[in-house]
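Structure assessment
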Amino acid sequence: MRRLVVDGDATDAVNETIARLSQDHQSVLAPSLEAQARALGLALPSNPVRQADPRDSYAQRSMVVRRAELYVEGDTLYALMHRLRSSGVRRFMDPATGGVRAEQEDEASVVTLYAIGPELDPPALAAFEATCADVFDRPLEPFHYASQRFDELLAETREAAEQPSAEDIAASEALRDRGIRTLATAIKSSSGLLLGDAPRQVAPDERERMDSIIETLQKVGLVATEAVVVCKKTNSQVNRLPDASLIEELDKSGVRCSCGRKLSDERCEEALGITERGRSLLDGNRWFTVALVQELLQLGVPLNSILVEQQAGGDEMDAIVLIFGKVFLFELKDKPFNLGSAYSFGAKIGIIRPDESVIVTTDTVGNDVRDHFERARAATGERRARYGYPEESEGAAPVYVEGIGNLRPELERFVSEASASSASNILRDVMPLGSVSVLDVMSRWATS
C-alpha cells in the first residue's frame, strides 16, 4: 500500500491522475458507470465525486471515499482512492500517557494506491506510482495499518527489530537443518569437539553426510577448526591452538605438557570450536528469531512492525508482530512444546493480549498442550457468556506450527488472510462508485 497526504482538497489532481492512468490501463469503475447511465438515459456528472454527509460524525466524514478508480493489469487489481479529511478536532488515545489527546487538524486529502493480487510488488506498481508522483510532484510513501494495542506495546519501552546481517541470515538458514544444528550445539556445549568424535554427536542416519555438515558450519562462520594437543599419558586435552604450526614455536619457548614432555611429542588432533557468531546465534535460539524476522521481511512486513526478545513482567516474548493491523504473538521452541511451556505461554498471552497467538516448534506440540488451550478457551467463553459477552469474544486457541519447514507457509497464510480482509474493505468502499446514484435514477424516472 502507498499513501500520500496533501494539504487541502486535491480533487483536481486526483481526477488528472485517474485520466492519465486510464489512458494506459484498463479501468473498471468508469466504464461500468457509463454503461449504467447510458442504459438508464442519465447524464454522467463531469466530476463524479462523492460528497460526505455533514450529518455524519467527523470520523465517518473523513473515511468517505470521494473519488476512486480500479484498474486491471494482468492478475492484479489496482485501486486508487481519494479521501478528504475534514478540518476539525481529532481525539485519540495517547499510548504514552494512557489519556485522551485532542489535536486540531486542517483539511487534507489522503490519496492511497493499493495493489490487490498474488504478488507483494507487482510489475506495474512502479508505473502507477510514477504517474501519481508526476501529477502531485512528490512520491507516494509505503503505508501499513496501525494498531492501538501495538502502539501501546511500543510505548512500553519496547523497540523494533534490527535488520539481520547477511552473515546472520546465512548462518540462520544453515541452522534450520536439524543435523547441522545438533552438531553446532554439541560443539558449543563441549567447548570444542575433536573431529573424530563429531559423528557420534548426530543421529546415525546423519553420519554419512558428516563432511557436508562440517563444511557448511565452517562456510557460514558458525565453527572454526583448531589444533588440540592430547597428552599420550593421561589422554586429556592440554592445549588448544589456532594452528598446529604453533607447536614448534611453543617448544622453543619451553612450553611443556603437564607430564613434562614437549608438546611436539604428544598427539595433535584437529578439533572444531564454536565461533562468536555461532555462540550468539545458538544462545537463546537467536537463530530462530533471525529466521522469523527474515521470513516476515520477505513477506513485506516492515521492521518497525516486528518486536523481538521483549521483556514483560519477567517473561520474555520471542516476537510480537503487526500484520495488516493485527497483533501476533510468536513463541519459538527448538524442542517439543510441552505442558510446562504452555502454562508460561498462556501467561504471556494474558499480558500481551494479541489478536493471534502462534507456537512454532522445530519438533511437535503435545496433545496435552492442545487440550490445555482448548479447555482454557472454553472456560473463558463460559465466563464471558455468563456476563453477556458475545460468543466471538471467546478467543481462539494458538496456531500450532510443527517443523521449521512449515513456518513460511503459515506466515504466508497469515499475511494472505489479513491482506484479503483489507482488500475486501477497500473494494467495499470503492465499488459503489461504479454505480449511478439512487437519487439520480429516481430523479430521472420521477420526472418522466
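Residues numbered from 1 in each chain as written. Predicted model: local features only at pLDDT ≥ 70, side-chain atom pairs only at ≥ 80, totals over all residues. Heavy atoms only, no water.

Comments concerning the side chain of Ser27
This is how it is decided: Numbering of helices and strands runs from the N terminus; a helix is a DSSP stretch of H or I covering at least four residues, while a strand is a stretch of E covering at least two. Burial status follows relative accessibility: with a 1.4 Å probe on protein chains alone, a residue under 20% of its type maximum counts as buried, one over 50% as exposed, and anything between as partly exposed.
In this fold, Ser27 is placed in strand E2 (residues 26-27). A residue is classified by how much of its surface remains accessible, and Ser27, at 12% relative accessible area, is buried.

Describing the pattern of salt bridges
Heads up, the rule is: Should a side-chain nitrogen of Lys or Arg be within 4 Å of a carboxyl oxygen of Asp or Glu, the pair is scored as a salt bridge.
Counted by the stated rule, this structure contains 23 salt bridges. Residues participating in the shared-partner salt-bridge network are Glu173, Arg176, Glu295, Arg408 and Glu412.

A word on the side chain of Thr289
Applicable threshold: Contact criterion: two residues are considered in contact whenever any of their non-hydrogen atoms come within 4.5 Å of each other.
Within the element layout of this structure, Thr289 appears in helix H11 (residues 286-298). The buried category is assigned to Thr289, whose relative accessible area is 6%. Not counting chain neighbours up to four residues away, the residues in contact with Thr289 comprise Val308, Glu309, Asp318 and Leu332.

Focus on the sheet that holds strand E12 (residues 267-274)
Worth spelling out the cut-off: The rule for pairing is simple: two strands pair if DSSP sees at least two bridges between them. To define axes, lines are fitted to C-alpha atoms, for helices over the stretch in contact only, and angles between the resulting N-to-C directions are given on a 0 to 180 degree scale.
Spatially, the four strands line up as an open sheet ordered E9-E12-E10-E11, and their pairing is antiparallel. In this open sheet, the two strands that pair with only one neighbour each are strand E9 (193-194) and strand E11 (237-241). Looking at chain direction, strand E10 (residues 223-230) and E12 are connected through eight bridges and run antiparallel. Pairing of Thr225 across the sheet is with Leu272, part of E12. Where helix H7 (residues 178-189) meets the sheet, its contacts fall on E9, E10 and E12, and the angle it forms with E12 comes to roughly 110°.

So, the packing of H7 against helix H8 (residues 210-219)
Spelled out, the test is: What sets the label is the angle itself: under 35 degrees gives roughly parallel, over 145 gives roughly antiparallel, 65 to 115 gives roughly perpendicular, and the rest give oblique. Left-handed describes a crossing in which the near helix is turned anticlockwise from the far one by less than a right angle; the clockwise case is right-handed. Three classes are used: nonpolar for Ala, Val, Leu, Ile, Met, Phe, Trp, Tyr, Cys and Pro, charged for Asp, Glu, Lys and Arg, and polar for all others, with Gly counted as polar.
Running from N to C, H7 and H8 cross one another at 70°; their axes reach a closest spacing of 10 Å. Classified by the angle their axes make, H7 and H8 are roughly perpendicular. Crossing geometry of H7 relative to H8 is assigned as right-handed. Within the contact between the two elements, H7 uses Gly179, Ile180, Leu183, Ala184 and Ile187 and H8 uses Met210, Ile213, Ile214, Thr216 and Leu217. Of the residues that constitute the contact of H7 with H8, the class distribution is eight nonpolar, two polar and no charged.

Observations concerning H8
Quick reminder of the rule: In this description, the arc belongs to the directions extending from the helix axis to the C-beta atoms.
Taken residue by residue, H8 has Met210, Ile213, Ile214 and Leu217 as its buried positions. Seen along its axis, H8 keeps its buried residues to an arc of 95°; they face one direction. Away from the buried face of H8 by more than 90 degrees, exposed residues Asp211, Glu215 and Lys219 are located. Where H8 is buried, its residues touch H7, E10 and E12. Trailing H8 by a residue or two, Gly221 shows a phi angle of about 80°, which is positive.

Any link to function would need more than the numbers given here.
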